[in-house]
Structures are given as structure tokens and as C-alpha cells.
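# A look at the structure
Now for the letters of each chain:
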Amino acid sequence: MSVLVLVEPDDELSLQAITLGSSLGDVHALSCAGPYAPSAWASAIAGRADGRDAIIGPGSDRGNEVLAHVAAQLDLPFAANVTAVRGDEVTRQRWGGTLLEHARFHGPLKLLTAAPHAFAASDGPFEVEVLRPDPAGAVQVVEHIAPDTGGKVSLADATVVVSGGRGVGSSEGFAILEELAALLEGAVGCSRVVTSAGWRPHTDQVGQTGTKVSPDLYIACGISGATQHIAGCKGAKKLLAINADPEATIFSHADYAVIGDLHEIVPAITAELRKARGS
Ligand SMILES: Cc1cc2nc3c(=O)[nH]c(=O)nc-3n(C[C@H](O)[C@H](O)[C@H](O)COP(=O)(O)OP(=O)(O)OC[C@H]3O[C@@H](n4cnc5c(N)ncnc54)[C@H](O)[C@@H]3O)c2cc1C
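Attention in this report is confined to the structure presented alongside it.

Cut-off values and rules
- Residues numbered from 1 in each chain as written.
- Predicted model: local features only at pLDDT ≥ 70, side-chain atom pairs only at ≥ 80, totals over all residues.
- Heavy atoms only, no water.
- Helix = DSSP H or I, 4+ residues; strand = E, 2+ residues; numbered from the N terminus.
- Buried < 20%, exposed > 50% of the residue type's maximum accessible area, 1.4 Å probe, protein only.
- Contact = heavy atoms within 4.5 Å.
- Areas by Shrake-Rupley, 256 points an atom, 1.4 Å probe, with all protein chains shown as cover.
- Lys, Arg positive; Asp, Glu negative; His and termini not counted.
- Charge placed at Lys NZ, Arg CZ, Asp CG, Glu CD.
- Phe/Tyr/Trp six-rings, centres within 6.5 Å; stacked < 30°, edge-to-face > 60°.
- Lys NZ or Arg CZ within 6 Å of the ring centre and 35° of its normal.
- Pairing = 2+ DSSP bridges.
- Axes fitted to C-alpha atoms, helices over the stretch in contact; angles between N-to-C directions.
- Near = heavy atom within 4 Å.
- Polar contact = N/O pair within 3.5 Å; in protein donor to acceptor, adjacent residues only side chain to side chain.

Turning our eyes to something else, we now look at the overall build of the protein. Across its full length, the protein carries seven helices and 13 strands. Overall, the C-alpha framework of the protein stretches about 65 × 40 × 35 Å when taken along its three principal axes. Evaluated residue by residue, the protein yields a buried proportion of 43% over its 279 residues. The contacts of the protein with a sequence gap of at least 6 include a subset with a gap of at least 24, amounting to 62%. Accessible surface, the protein: about 14100 Å² in total, of which carbon and sulfur atoms supply 51%. Where the 20 positive side-chain charges of the protein centre and where its 32 negative ones centre are 3 Å apart.

See the structure below:
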């Protein structure tokens, strides 16, 4: 099987796409140089489709957008966020990963993206052919403005996320989460209830309609564990849940559980950390 894989520089999700591609057949990796112009990139990739059995993209916003354009240009079906491929059948994540769908490809060429963190990152060396799509006449990104994080680590990149839900009680209640996050050089996240209440900005929201995070440690404080929230944090390597309700759903996703009032437990963790560090 001959497989084209779209990769981007320094992109973990691209390495995961390579792993999926390698499990299917011989991989030919491609990247696109120049300004990001999804339809122009797609034209360049579609131009290499002859004789291929599959084209795979990373499960990033860009990967999904470019592959969707490839599918439209070639008039073929596209399966995003795929977790497994068996012959013509794929399993893919729907609804932010809360549902798995089994589907069958009809047609000569499979177009798909690898679901984020469903595959290990490839560590094998591979050559990348660099395409230079002509962006003339195509919609292209002319400027990228990073959100102002005030010098703090961003939610998406943080190795520790201290996240708060309705149980925090108020915007002022987040001070103890801020303190713990700062001590761990992490970022503060929150649930949608919190952003809806105006306690935190939407940029802090974790979940299906917020940011998807994959830190080493996710500390969920006063968060019940709704599927839409879990969709955003299930990429975390370890989850510590702090909740007053022993029956809270979040505990079924947790590696570590503390049952109790977060207003007592979070400062106690901070104090222990300071003591251990002698600060
Ligand atoms: C289409 C759609 C998209 C959505 N997208 C998102 C999304 O992206 N992100 C998201 O988060 N939600 C999302 N939601 C909302 C989601 O369904 C839940 O309503 C939300 O996640 C609940 O937030 P919460 O856990 O903070 O609040 P609650 O469900 O009210 O839970 C609060 C928790 O705090 C605990 N608690 C209370 N006081 C304390 C205390 N003192 N100490 C310790 N624990 C305490 C309670 O026991 C409870 O478990 C979406 C919903 C829909 C329909």
C-alpha cells in the first residue's frame, strides 16, 4: 500500500500520522512550504494522489482543513480523527471523542486524519518532500497573532493544568488555583460553566468547545466530569480530581482522587509543595 502523509515541522501530531501511515504501508511524507493557504496546499497534495492508496494528515486543525479541501477537490469521502484502519473500514472519533464510529470507505483512495494521541509519535527517520504550493488567488493566512498570555505558559502547551469548575464558586476563588499553577509552572483552565458565568475568559475553557489539552498532569478542581469537558482533557497523562461529591463522574476518569472541599485541599497541596521545596 502506498501512503502519502502530510507533515508539518516540529509537530507531534504529524509524527503520530506517520505512525498510522507506516502501519498501512510505504510512507511518502510531504510538507508544504510558504504561507498557509489550505486550498492551494490541497491542490499540491491532490496533484500527488495518482497511484496512492491513502493520504493521511495530522489530526490538527490544519491537517483536518487541508484534507477536507483535498477531499472536495478529488470528490472523495474523508474520515477525520481516525483511531484504527482495517482494510476499507475505519474507526473514528466523533463528538469530541465521546463517540466512536465505524465506517467503510468506498472508492480507490482513502483520505483521513489520525486522531490526536491515538498513535505513538514515530521516532523513525523519514525523508520529507517539500512542496511549494502557489497561493496566488487562494485564501491564505497573512498574519498570525498569538494570544497574549502575559508571559505565562499557554494552556495548550502547559505540562500541568490546574482547572476549575463551578465548585470554585467565583472568579476570586481562582486565586488559589492560580497560586498552585504558578508553583508548578503550569496554566489555569476551567469548565464551560465558569466561562458562561464570566469568571474566566473563553480562552481558558477546556473541552469540546474549548481548548484540548494534553499535559503531564491535569488537576480538576470542582469539575463534575461532563463528557464535553472530558473531551478536552482526556489527552492528559495523569488526572487528579478534587471533588466534594464521592459520586462525581470525574472520578471514573481520574488516576488520583481527593474527596473534599477544594478550598481546603488546593491550599493544602500548595503549602505541602512549598514545604517540600523549602520556599
Ligand atoms: C454542545 C455542548 C458543548 C459543551 N462544551 C463544553 C466544554 O467545552 N467544556 C466544558 O467544560 N463543558 C462544556 N459543556 C458543558 C458541560 O456539559 C457541563 O455542563 C460542564 O462541563 C459542567 O461544568 P462543571 O463541571 O464546572 O459544573 P458542574 O457540573 O455543576 O459540577 C460542579 C462540580 O463541583 C463540585 N463541587 C462543588 N463545590 C465543591 C467544593 N467546594 N469542592 C470540591 N468540589 C466541589 C460538585 O460536586 C460538582 O461535581 C458543553 C455542553 C454542551 C451541550
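Moving on from the model shown.
Quick look at the packing of aromatic side chains now. Under the counting rule described, the total for this entry stands at one aromatic pair. With centroids separated by 5.0 Å and ring planes inclined at 90°, the aromatic side chains of tyrosine 36 and tryptophan 41 adopt a geometry described as edge-to-face. The same class applies to tyrosine 36 as to tryptophan 41, namely buried. Across from the ring centre of tyrosine 36, 4.1 Å away, lies the NZ or CZ of arginine 62, which sits over that ring.

Glancing now at the sheet that holds strand β3 (residues 54-57). Spatially, eight strands are ordered β6-β5-β4-β7-β3-β1-β2-β8 in an open sheet, and the strand pairing comes out mixed. The sheet is open, and its two edges are formed by β6 (99-104) and β8 (128-131), each paired on a single side. Sheet twist, expressed as the average angle between the axes of neighbouring strands with direction ignored, equals 40°. As paired elements, strand β4 (residues 78-86) and strand β5 (residues 89-94) share four bridges and run antiparallel to each other. Along β5, the bridge assignment pairs valine 85 with valine 90. Across the sheet, helix α1 (residues 12-24) touches β1 (2-6), β2 (26-32), β3, β4 and β7 (110-114), and the angle it forms with β1 is around 175°. Here helix α3 (residues 61-74) sits on the sheet in contact with β1, β3, β4 and β7, set at roughly 175° to β7.

Moving on, we get to the site of the ligand. Neighbouring the ligand are 25 residues, the closest being Arg166, Ser191, Thr209, Ser224 and Asn243. Serine 191 places a polar side-chain atom, nitrogen or oxygen, 2.6 Å from an oxygen atom of the ligand. Glutamine 208 places a polar main-chain atom, nitrogen or oxygen, 3.0 Å from an oxygen atom of the ligand. Secondary-structure elements contributing two or more residues to the shell around the ligand are α5 (192-196), α6 (227-233) and α7 (262-277).

Right, let's talk about the environment of glycine 169 for a bit. Residue position: glycine 169 is located in the loop between β9 (160-164) and α4 (175-183). Note on glycine 169: relative accessible area 46%, which makes it partly exposed. Note: C-alpha distance between glycine 169 and histidine 106 (63 residues apart in sequence) is 51 Å.

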